[in-house]
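Understanding the architecture of this molecule
Each chain, written out:
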Number of protein chains: 2
Amino acid sequence: MKGTFIHGPRDIRFEDRPDPKIEKPTDAIIKLSAGCICGSDLWPYRGINKITQPTPMGHEYCGIVVETGNEVKNVKKGQFVIGSFFASDNTCPHCKNGYQTSCQHREYMNQAQAPYLRVPLADGTLVPTAEPPSPELVPSMLALSDVMGTGWFAAEAANVKPGATVAVVGDGAVGLLGVLSAKLMGAARIIAMSRHETRQKLAKEFGATDIVTERGDDGITRIKELTKGIGVDSVLECVGTQESMMQAIHSTRPGGSVGFVGVSHGVSIDGDQFFYSHVHLHGGPAPVRRFLPGLIGRVMRKEINPGKVFDLTLPIENVAEGYKAMDERRAIKTLLKV
Amino acid sequence: MKGTFIHGPRDIRFEDRPDPKIEKPTDAIIKLSAGCICGSDLWPYRGINKITQPTPMGHEYCGIVVETGNEVKNVKKGQFVIGSFFASDNTCPHCKNGYQTSCQHREYMNQAQAPYLRVPLADGTLVPTAEPPSPELVPSMLALSDVMGTGWFAAEAANVKPGATVAVVGDGAVGLLGVLSAKLMGAARIIAMSRHETRQKLAKEFGATDIVTERGDDGITRIKELTKGIGVDSVLECVGTQESMMQAIHSTRPGGSVGFVGVSHGVSIDGDQFFYSHVHLHGGPAPVRRFLPGLIGRVMRKEINPGKVFDLTLPIENVAEGYKAMDERRAIKTLLKV
């Protein structure tokens, strides 16, 4: 088969590679129902994460099980399944504590921009649906594999409560689904920080009540103006830069919370400033596995439509164009037809 | 009267100064029942916080109200009262959210190593007891003004739950009372990190089940050994240095919490490391005012004896010797008889 590789900055190729096969008795092979490109894939694409050799890409997936190893018990051939970007055994102490992305046996998934995928620790990693979803639900199911679960974790880590005032830093797919998550958790006011009309529109559709276009210190000032100088209860930090992290911390009221899920790039938090901010800070790679059963139910019942973040659909052969469109912010998120 | 001033590193003087008087109608004047020296007073004493002019010292206090301003309603002359190291109105949004040390009108208290003290925002700041405590309870009441309330906040910020495994970094008065707080919150296992026999003994008396003498990376390794490689649920960081903060973060299991109350000195948290640690972080200047009513009740009912951290008592004239004894770690905490 062919699969997606990055060879260097802005050099994405869809090229021959061996078909995935069962390597361990706990593996499963799935045929993807669709693939996609993540905002975090743009870090290596833009040369911020260094690439030293051709590296396979893609960590979001859902599809049909086509083969299972001898020790796989919970997942059957023919089932529609979704997993997270980290494979996890779901039995170790960290998994039991709900932090499957810190699983003692975790394996990062990075070959999912391809028609077939090997999933390690299949019993722990994959969540099957009761029946295969109808085709129009597939984009939303795929979104659960990372961006929706990550937005949900951002809102949970930011301790969003019913009636809360919330700000969301970052208008990528994760930030937009953070808006949706905050709405589902009962936030009364959701301030989306965005400069892009398409994204502002989707943020409003997902539940944003206010849009702030300012960034950095100006963004903080604007949030303070909107909250009588108090700051918001919860901020979802969905970018991962120094500016976005400081914007998040200083927009939060004393005793409020920042949930951060933007993969940290060069961020340094001054202990002294943070001490006097009185802010709660929690985040990291979202333990999507914990949220999958609940979110799958919401998609199946058509309560949510996180698949709306896909505003560009391309055949997987054109994956390079999908990266380009996202890099140039012409697309929020690209769906790849396999 | 005379009061305590710092003139420079290791230069503490008890010298003439004007008697405090009502300056605003919301002020009260109290006659201290006892004074004391805080571990954080050692930062300027050791020259780490720069002193540019003679500066009054002391931020822990309890005593009898001797005068009140015209607008003071809740506090009466003759009452025994305790307040926190920040005066607060207890009515602003931050106070209502329970973060009185971030009060919009807060004033730092720094003249309490003296026989009399002016307390701003008396109605918000001071909590009167139903009746004056017996003299043997005064040290414990005084401990509530900062160290016990701060240890309590560390445990609360570290999300200590019944049955939890907890580590405490720092064996000063705050760390030791953090042990006591974790015990009161139902922790099943409390690991005190201490190298000093006197402090280890008191830690055990307060509820510590394990003592770890190693620090830094060795301390982290030891904590991991004691917890089957998992890390603890909660760490109370009661020092404020880079080493102690990293020790705290890396001793905590994914999903666990660090509560930090050591006044931050040169601490910088690497965003990337913190992202993958999956730790919750919260702290800052303890909102002691929030905890005073509950803790006063516990002292009055003799359920707790936080005054045990005072292992040296001196007449206030000898305050300089009290600093010296704490600096040289001959004393955990010095009580000053006024």
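The structure under discussion appears in the preceding block.
The notes below deal with the structure included here. Since the structure is predicted, the reported quantities are computational estimates derived from the model, not experimental observations.

Definitions and cut-offs
Residues numbered from 1 in each chain as written. Chains lettered and ligands numbered in written order. Predicted model: local features only at pLDDT ≥ 70, side-chain atom pairs only at ≥ 80, totals over all residues. Pairing = 2+ DSSP bridges. Helix = DSSP H or I, 4+ residues; strand = E, 2+ residues; numbered from the N terminus. Contact = placed C-beta atoms within 7 Å. Nonpolar A, V, L, I, M, F, W, Y, C, P; charged D, E, K, R; others polar. Buried ≥ 20, exposed ≤ 12 C-beta atoms within 10 Å, placed from the backbone. Arc of directions from axis to C-beta. Least-squares fit on C-alpha atoms with pLDDT ≥ 70 in both. Core = buried A, V, L, I, M, F, W, Y, C linked by C-beta atoms within 7 Å.

Another point: the sheet that holds strand 2 (residues 11-16) of chain A. Read from one edge of the open sheet, three strands run 2-1-4 (chain A), paired in antiparallel fashion. Looking along the sheet, the strands with just one partner apiece sit at the ends: strand 2 and strand 4 (55-56) of chain A.

Another point: the pairing of strand 5 (residues 62-68) of chain B. Residue and element names in this part refer to chain B. As judged from the six bridges shared by strand 3 (residues 28-36) and strand 5, these two strands associate in the antiparallel manner. Counted as the bridge partner of Ile 30 is Val 65 from strand 5. The pairing of strand 5 with strand 6 (residues 80-82) spans three bridges and is antiparallel. If you follow Ile 64 over to strand 6, its bridge partner there is Phe 80.

This next bit is on the interface of chain A and chain B. Counting residues at the interface gives 28 residues for chain A, matched by 28 residues for chain B. Mapped by element, the contributors of at least two residues to the side of chain A that touches chain B are helix 2 (93-96), strand 15 (252-260), strand 16 (268-270), helix 10 (271-277) and strand 17 (280-283) of chain A. In terms of residue class, the side of chain A that touches chain B is built from eleven nonpolar, 14 polar and three charged. In terms of strand pairing, strand 16 of chain A meets strand 16 (residues 268-270) of chain B through three bridges, oriented antiparallel. Of the residues in strand 16 of chain B, the one forming a bridge with Ile 269 of chain A is Ile 269 of chain B.

Attention now goes to helix 8 (residues 216-226) of chain A. Residues and elements named next belong to chain A. Of all the positions in helix 8, only Gly 219, Ile 220 and Ile 223 are classed as buried. Axial view of helix 8: buried residues confined to an arc of 100 degrees, hence all on one face. Opposite its buried face, helix 8 presents the exposed residues Asp 217, Asp 218 and Glu 225, each directed more than 90 degrees away. A positive backbone phi angle near 55 degrees is found at Lys 228, which sits one or two residues after helix 8.

All names here are of chain B. Read from one edge of the open sheet, three strands run 2-1-4, paired in antiparallel fashion. Whereas interior strands pair on both sides, the edge strands pair on one side only; in this sheet they are strand 2 (11-16) and strand 4 (55-56). When strand 1 (residues 2-8) meets strand 2, the two strands line up antiparallel, connected through six bridges. Opposite Gly 8, over in strand 2, you have Asp 11 as the bridge partner.

Before going further, it helps to examine the relation of the copies chain A and chain B. Relative to chain B, chain A is turned by 180 degrees and slid 0.0 Å along the rotation axis, the superposed coordinates differing by an RMSD of 0.0 Å. Both copies of the chain, as the preceding transformation shows, are related through a two-fold rotation axis. With an isologous cut-off of 70% or more, the 100% of interface residues of chain A that recur at the interface of chain B puts this contact in the isologous class.

Our next topic: the nonpolar core. Ranked by size, the top nonpolar core spans 220 residues in total, and within it Val 166 of chain A together with Val 166 of chain B carry the most contacts. What Val 166 of chain A contacts, discounting residues up to four positions off in sequence, is Val 160, Ala 182, Ala 187, Arg 189, Ile 190, Ile 191, Val 232, Asp 233, Ser 234 and Leu 236 of chain A.

Residue and element names in this part refer to chain B. Counting buried residues in helix 5 (residues 147-157) gives eleven out of eleven residues, a clear majority hidden from the surface. Inspection of helix 5 places Val 147, Met 148, Gly 149, Thr 150, Gly 151, Trp 152, Phe 153, Ala 154, Ala 155, Glu 156 and Ala 157 among the buried residues, and these make up the whole buried set. Lining the buried residues of helix 5 we find helix 4 (138-144), helix 6 (173-184), strand 14 (232-237), strand 15 (252-260), strand 17 (280-283) and helix 11 (288-300).

Residues and elements named next belong to chain B. Positive phi, normally seen in glycine, also occurs at Leu 121, with a value near 45 degrees. As for its placement among the helices and strands, Leu 121 is situated in the loop between strand 9 (116-119) and helix 3 (122-125). A residue is classified by how many C-beta atoms lie within 10 Å of it, and Leu 121, with 25 of them, is buried.

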